[in-house]
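# Working through the structure, step by step
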Amino acid sequence: MLADVTIQHYTSHRTVKGFWVQPNNADEALSALHFAKQRGLKVCPMGAQNSFGDIFLADGQLHISLTKMNRIIDFNRDKGEITVESGVRICDVLRLALPAGYYLSGLSGSYSDTVGGMTSSNCHGKDSWKHGNFGNNILNLKLITATGSIITVDKEDELMKAVLAGLGLMGIIIEITLKLKQLPSLMVSASERKMDIKALADFEDTVVEHKYAWIDMLNSFQASIVRTAAFDLTRAGESMKGVLFPVIKTNIAGLSPKTFWKLVSVLWNPATYPLFNHVVGAAHQDGKTKHQFVINYLYPWRKYPGNKYLFKQNSFYELQTLFPREKFLSAFTDIRELVKAFKISPVSSAVKWHRADNVYLSFSGNGLSITNTFDSVLVNTVKGKDFLKKYTELVTSLDGKFYLSKYPYISPNQLKYSFPGFEQWLKLKHELDPENIFLSDTAAKWITA
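Below or above, wherever it landed, is the structure these notes cover. As the structure is a prediction and not an experimental result, all values here were calculated from the model. (Residues numbered from 1 in each chain as written. Predicted model: local features only at pLDDT ≥ 70, side-chain atom pairs only at ≥ 80, totals over all residues. Heavy atoms only, no water.)

### Focus: helix α13 (residues 422-432)
Of the residues making up α13, those classed as buried are Phe422, Trp425, Leu426, Leu428, Lys429 and Leu432. Buried residues of α13, viewed axially, fall in a sector of 160°; they line one side. Turning to α13, the residues buried within the fold contact β8 (138-144), β9 (150-154), α5 (160-163), α12 (412-418) and α14 (441-447). (Buried < 20%, exposed > 50% of the residue type's maximum accessible area, 1.4 Å probe, protein only. Helix = DSSP H or I, 4+ residues; strand = E, 2+ residues; numbered from the N terminus. Arc of directions from axis to C-beta. Contact = heavy atoms within 4.5 Å.)

### Things to note about the sheet that holds strand β10 (residues 172-179)
Hydrogen bonds between backbone groups are what pair the strands of a sheet, and the pairing can be parallel or antiparallel. Judged by pairing direction, the sheet is antiparallel, and its five strands sit side by side in the order β5-β6-β10-β8-β9 without closing on themselves. The two strands at the open ends of the sheet, each matched to only one other strand, are β5 (72-76) and β9. Sheet twist, expressed as the average angle between the axes of neighbouring strands with direction ignored, equals 10°. Here β8 runs beside β10; their pairing, made up of six bridges, is antiparallel. Residue pairing for β10: Leu141 is matched across the bridge by Ile176. Contacts from helix α1 (residues 26-39) reach β8, β9 and β10, with the element oriented near 45° to β8. (Pairing = 2+ DSSP bridges. Axes fitted to C-alpha atoms, helices over the stretch in contact; angles between N-to-C directions.)

### Concerning the pairing of strand β13 (residues 210-214)
Taking burial as the measure, the five residues of β13 include five buried ones, the bulk of the element. Covered by surrounding structure in β13 are His210, Tyr212 and Trp214 together with Lys211 and Ala213, the residues of both alternating faces. Pairing between β13 and strand β14 (residues 223-231): five bridges, direction antiparallel. When the bridges of β14 are listed, Ala213 appears paired with Val226. Here three bridges tie β13 to strand β17 (residues 348-354), and the two strands are oriented antiparallel to one another. When the bridges of β17 are listed, Trp214 appears paired with Ala350.

### Here's the deal with the packing of aromatic side chains
This structure, assessed with the given rule, holds 24 aromatic pairs. Ring centres of Phe19 and Phe35 lie 6.3 Å apart, and the angle between their planes is 75°; this geometry places the pair in the edge-to-face category. One end of the pair, Phe19, is in strand β2 (residues 15-21); the other, Phe35, is in helix α1, and 16 residues separate them in sequence. A residue is classified by how much of its surface remains accessible, and Phe35, at 18% relative accessible area, is buried. Their ring planes at 70° and their centres at 5.4 Å tell us that Tyr103 and Phe231 sit as a pair that is edge-to-face. (Phe/Tyr/Trp six-rings, centres within 6.5 Å; stacked < 30°, edge-to-face > 60°.)

### A closer look at the nonpolar core
In globular proteins that are soluble, nonpolar side chains generally tend to be buried together. If you look at the biggest cluster of nonpolar residues, it comprises 114 residues, and the most contacted ones within it are Leu200, Ile370, Phe387 and Trp425. For this core, the element with the highest residue contribution is helix α9 (residues 328-342), accounting for seven residues. Counting residues in each nonpolar core, the second largest holds 19 residues, with Val43, Ile64, Ile172 and Phe438 among its members. (Core = buried A, V, L, I, M, F, W, Y, C linked by side-chain atoms within 4.5 Å.)

### Re the pattern of salt bridges
This structure, assessed with the given rule, holds 15 salt bridges. For Glu175, the salt bridge identified is with Lys142, shortest N-O distance 3.8 Å. Linking Glu175 in strand β10 with Lys142 in strand β8, this pair joins segments that are 33 residues apart in sequence. Between Lys390 and Asp386 there is a salt bridge; the shortest N-O distance is 3.0 Å. On the criterion of helical spacing, the pair formed by Lys390 and Asp386 is a turn pair, its members being four residues apart in helix α11 (residues 382-397). Judged by relative accessible area, Lys390 falls into the partly exposed class, the value being 37%. If you follow the salt bridges from partner to partner, you end up with Arg14, Asp54 and Asp441 in one network. (Salt bridge = Lys/Arg side-chain N within 4 Å of Asp/Glu carboxyl O.)

Structure, rendered in C-alpha cells:
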C-alpha cells in the first residue's frame, strides 16, 4: 500500500517526507516503479533501514521497502547454495545454513540486515581480511532496471562490480543466489592479546578466521587489544540441538531498548566516554580465551538492540575510514591528534583489517580501517562541523576512503579521489539508468556534479 510518511535511517541524522511502499513480490515492485515514473518521482530502494547514513533518503520521492519480499526461494544443501528474495534477513539465512554445516563470510555486525541491503553496501566483517567482503558470496542476482526490465547479473559480469556497493542506485535487487562456505565447526575459540599500535599494520595470523582491535583514541593507554577467533576444530562435532537459535530481540532484560539505554546513559555519556575507554583498556586480560558458538561471536550486540537510544538525540555518526597499510600509523596518529585538539570524544574506536577487491565503490583495499563513533550532539555544532570537515580532509590526504553506507557526506571530488572506479561506475549507471530514476538526495550531489 502506498503511503505518504516520514522516513528516517537508523541513526536519525535527517528526516524526510516521502512516499513509501512495501511490495510483496516483483510484480508489485514493478508497479511501484511505474507509478514513480508516471509521477516524475525518483526511487530509493531500501532494506531494513539499518544504514548509519541517509544514503537511501530522498525528500518527496518514492521509497520502496523490500522487507516484505522475504521468501527463501531455494536451499540446495548438496551444492551449498541458497536463493533468497532481497528482503530476507541475514538471521533467517543463518538459521538454515549453520545447522546444515554452512556459513557466509563478510557479514556486517547487524543480525537484522537484509541480504539486499548487505549487497548494496558490499558490507564487510571481521573475516573480510581473509575472505573479502560480502559480495564474494554472491553467484548472481536479479535486478529491476529503470526501464522495468528484470535482468540477471552474474558474478563475472562487469555490472556486478557496480551493483555491489552500488547503494541501490543501479536498480531494485529482487533476488540473490549465495554460495555458502563449509562450516568447520559451530564453535570458535576467541582470544585477546595486548599489542602495540605500531605493530597492527604488520600483524599476521593465518590460523585465525576473524580479527579486529579495540583502541583507546584519547587516553594515555597506548596499546591496542587485538581480538581474534579461530574455528574450534576440537569441538567440530558440537550440535545446535537443544540450543535456542538466536532471534531478533525487541527488549533487554524486560525493558524496552529505549528505556534500557536511557538508564545506561546516566553513567555512559559524552562526559564519561574517555573514562569508559580507559577502564576497558585497563581491565583487559592478556591471553584470555573464550569458547562460544560462532553466531554469538559474530553478533555480540544482538542481546542489546536499539543502541541508538544511548545517545542524547538518539543519533550518532560512525566514521569508518580505510587506509593503505603503509599509511595506517600516520592516520591513527593524525586522527588521534585531531580528536584531542577538538576535545570531541568517540564513544569507542576500533581497527579492522581488509583486503582489496575490484568493486567500484567498495570499502576495500590492502589496509586497515579505523572506526570512530561520535554522539551527534558533539558534532552537530559549529565546532563539530569544523571537526568533521578537517576529519574528511585528513582522510583524503592520507589516501583513505569512507565507508559510504555509514558516512556518505563527502564532496564529489573526495569521492572521485578515494574511489578511482567511480567514473566507470557512473558510466554504467548512465547506461542502465540515463534519467537517474534511482537517486537519493545524498547521491545526487555526486551523480549530477
